[in-house]
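Read off the chains here:
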Amino acid sequence: MTGFSNTKPDHYSFTATLSACAGSCKLRNGQSIHTLVVSTGYCSSIPVNNALIDMYAKCLSPCSAHKVFEETEFRNNVSWCSLLFAYVHTNQFQVAQTVFDSMPNRVNIAWNTMIAGHARHGNIDTCVDLFKKMMAESCDQDQWTYSALMNASAESQQYCAGCMVHPCIVKKGWSSAVEASNSILSFYAQIGSPADVVKMFESMKTLTQVSWNAIIDAQMKIGDTHKAVITFQQASERNVISWTSNQ
């Protein structure tokens, strides 16, 4: 923008460009934009600083994210949550816990970030403990909270835990939410309960790639290759995972 015209970038163009760098994990491009942010005097912009922290977090550079965070004079919930994500995303859970404990306001996203991070590693006990503390602090749970708990149950192969979370999702009214319903479907598929997979699949109003992959995976696990192929052919979108499951 600055190289081809007299038009100078503003905080809107910086945040949009940094978001694009974050989404595509283009660290070098993000670093170049960071240099431009400094040279044009936008270091005091909260949205720009938050975008920088987010970019470094998603580009797996937590140290750089922390550096921007420390240099940010005015921080908000987005700043804290982005820094927390930087450490959770790189599996640095001890540092993430320190950041989490230091947060002046532990909002829903912060709790979900911690639970989802531990869920990826099947740390079901830690996830449940965080969930209990989340409720104790009267922080609202959403579909992302419950889907993370279901994912933790699946990764740890804890059938009982998943069976306890499932009714909670229904009771709280999140059973129709795509993220929550897919997590339930994937849970039953991973623990090897095809009957529950089919029951859940047939009750879902919105089906995504995750939904189709889960039902196909369940059918393959019980050796029903013919039905798996038919399901695959019925899927509206055929991606790599579906092709792999059918091989």
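Undergrad: Pulling in residues and values, what's your account of the pattern of salt bridges?
TA: Counted according to the given criterion, the structure contains 5 salt bridges. Salt-bridge contacts for R75 lead to E70; the nearest nitrogen and oxygen are separated by 3.8 Å.

Undergrad: So, helix α2 (residues 27-39): which residues are in play, and what are the values?
TA: Look at α2: 18 Å from first C-alpha to last across 13 residues, which is about the 18 Å you get at 1.5 Å a residue. G30, I33, H34 and V37 are the residues of α2 that are buried. Projected down its long axis, α2 carries its buried residues within an arc of 110°, all on one side. Among the exposed residues of α2, those pointing more than 90 degrees away from its buried face are R28, T35 and S39. At its buried positions, α2 is contacted by α1 (11-24), α3 (46-58) and α4 (62-71). Directly after α2, the chain includes G41, whose backbone phi takes a positive value near 80°.

Undergrad: Got a sec to walk through the environment of E137? Specific residues and values, please.
TA: Here E137 lies in the loop between α8 (124-136) and α9 (143-155). When the C-alpha positions of E137 and T72 are compared, they lie 28 Å apart, and in sequence the two are 65 residues distant. Setting aside chain neighbours within four positions, we find E137 in contact with R106 and W111. Polar side-chain contacts of E137 include one of 2.7 Å to the side chain of R106.

What counts as what
Throughout this description, residue numbers start from 1 for each chain and increase along the sequence as written. In view of the model being predicted, local features appear only for residues whose pLDDT reaches at least 70, and side-chain atom pairs are presented and counted only at 80 or more, with totals across whole chains, interfaces and linings using the full set of residues. In computing side-chain properties, one takes all heavy atoms of the structure into account and sets aside hydrogens as well as water. For this document, the term salt bridge refers to a Lys or Arg side-chain nitrogen within 4 Å of an Asp or Glu carboxyl oxygen. A helix here means a DSSP run of H or I that spans at least four residues, while a strand means a run of E at least two residues long, and both kinds are numbered starting from the N terminus. For a helix, the expected span equals 1.5 Å multiplied by the number of residues minus one. The classification of residues rests on relative accessible area computed with a 1.4 Å probe and restricted to protein chains. Under 20% of the type maximum is buried, over 50% is exposed, and intermediate values are partly exposed. Comment: arc refers to directions from the helix axis out to C-beta atoms. For this analysis, residues touch if any pair of their heavy atoms sits within 4.5 Å. In protein, a polar contact means a hydrogen-donor-capable atom and an acceptor-capable atom, both N or O and within 3.5 Å, with residues adjacent in sequence counting only if both atoms are side-chain atoms; elsewhere, any N or O pair within 3.5 Å suffices.

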